[in-house]
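# Observations on the model geometry
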Amino acid sequence: MSGVRKIKTVSKSKPAIEGAGVHLKRAFGYYQVPQFDPFLLLDDFRADDPSKFLPGFPWHPHRGIETITYVIEGNVEHGDSMGNKGDITVGDVQWMTAGSGIIHQEMPKGDKFGRMGGFQLWANLPAAMKMMEPRYRDVRNEQIPETSLDGGVNVRIICGEANGVRGPVRDIVIDPEYLDVTVPAGSSFIHQIKKGHTVFAYVIEGKGYFDDDLDSFSHEVVGRNYFDLNRECLCGDGDLVLYEDGDRVSISAKDSLLRFLLVSGRPIGEPIAWYGPIVMNTQEELKVAFDEYRAGTFIKDKKPLRG
């Protein structure tokens, strides 16, 4: 299939509580597997009440996945079993490949006004790479390039390429693209994407049209509950758009500025065994991981944890 990708599904992010009591919105997760393959989860932890985010995500393990944290407001303190520690602040990205195993913590602190904003995306690893050596990439705001397109469209390129500009995160197994796109009112954004890749957009500001059909009944729409009768073509803050196949997306803003995350990656197409923060291919592999965690043999790189 080629041409402009059509919308497959539009859904709403839903409230969830994770970590030690962080209130967030989950765009997709466990129950959407394998629709978003190779991606597993997207959490939106924007908040303006410190009590909703200060509990944070204390020490916990990961194996078999990559976690990508993108901060747009406030800051997050972090540390891990590889000895990394520091702050992720406005515009920064933490791209962590858990591989064979990492134990880490992430503690949102917000800004001086008590606001916090960011997103965490989980990407799966194929069976052949699940036990790879862990690695950590701390990508600072100033390292992430931006490019301007016709109509005043602005694109931040975390990973992948737009307008001939490549992002700093490269050599990732699933060949991903991660863009932060802002489209002024009355403008459009057309972007080439590899055929066969899974593509989704998550709206974080304004409203816009995410394909050329302009028909809310041309695709599946999942409301917040059974009594949600608001089925419109425009997608707004907290809406998640999953695309069918094709070679490009066409997105336009109408009466207001539109900002969204655009993410794509090559599907893995393997069985998934997932419990909590660990994602493997079989239940036996999950058992081994949790047994090792309890026995203190989970970490394979043998590097000491720094406080």
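Anything mentioned here points back to the structure above.
Bear in mind the structure is a predicted one, so any value in this text is a computation, not a measurement. (Residues numbered from 1 in each chain as written. Predicted model: local features only at pLDDT ≥ 70, side-chain atom pairs only at ≥ 80, totals over all residues. Heavy atoms only, no water.)

### Some thoughts on the pairing of strand β3 (residues 22-28)
Pairing geometry for strand β2 (residues 14-18) and β3, over five bridges, is antiparallel. Residue K14 lies in a different strand from β3, and its bridge partner there is R26. From the end of β2 to the start of β3, which pair antiparallel, there are three residues, and G19 there has a positive phi angle of about 60°. Summarising the sheet, β3 and strand β4 (residues 39-44) pair through three bridges and their orientation is antiparallel. Its bridge partner lying in β4, R26 is registered against D43. (Pairing = 2+ DSSP bridges. Helix = DSSP H or I, 4+ residues; strand = E, 2+ residues; numbered from the N terminus.)

### Focus on the nonpolar core
A general tendency of soluble globular proteins is for nonpolar side chains to be buried together. Membership of the largest hydrophobic core comes to 28 residues, with the highest contact counts inside it found for F28, F39, L121, Y178 and F200. Those residues within four positions of L121 in sequence are excluded, and the remaining contacts are F28, F39, L41, L42, E66, T67, I68, Y178, F200 and V263. Formed by 24 residues, the second largest nonpolar core is a distinct cluster that contains V183, I193, I251 and L262. (Core = buried A, V, L, I, M, F, W, Y, C linked by side-chain atoms within 4.5 Å. Buried < 20%, exposed > 50% of the residue type's maximum accessible area, 1.4 Å probe, protein only. Contact = heavy atoms within 4.5 Å.)

### Considering the sheet that holds strand β24 (residues 248-253)
On the basis of which strands lie adjacent, the open sheet formed by four strands has the order β18-β24-β20-β22 and antiparallel pairing. Lying at the two open borders of the sheet, with one neighbouring strand each, are β18 (188-192) and β22 (235-236). Where β18 lies against β24, five bridges are found, and the strand directions are antiparallel. When the bridges of β24 are listed, F189 appears paired with I251.

### What about the pattern of salt bridges?
Any two side chains of opposite charge can pair, given that their charged atoms come close. Evaluated as defined, the whole model comprises 20 salt bridges. With a closest N to O distance of 2.6 Å, D92 and R140 form a salt bridge. Of this pair, D92 sits in the loop between β8 (85-89) and β9 (93-97) while R140 sits in the loop between β12 (135-139) and β13 (146-148), placing them 48 residues apart in sequence. For R140, a relative accessible area of 26% translates into the label partly exposed. Among the ionic pairs, E292 bridges to K300, the shortest N-O distance being 3.2 Å. The partly exposed category is assigned to K300, whose relative accessible area is 35%. (Salt bridge = Lys/Arg side-chain N within 4 Å of Asp/Glu carboxyl O.)

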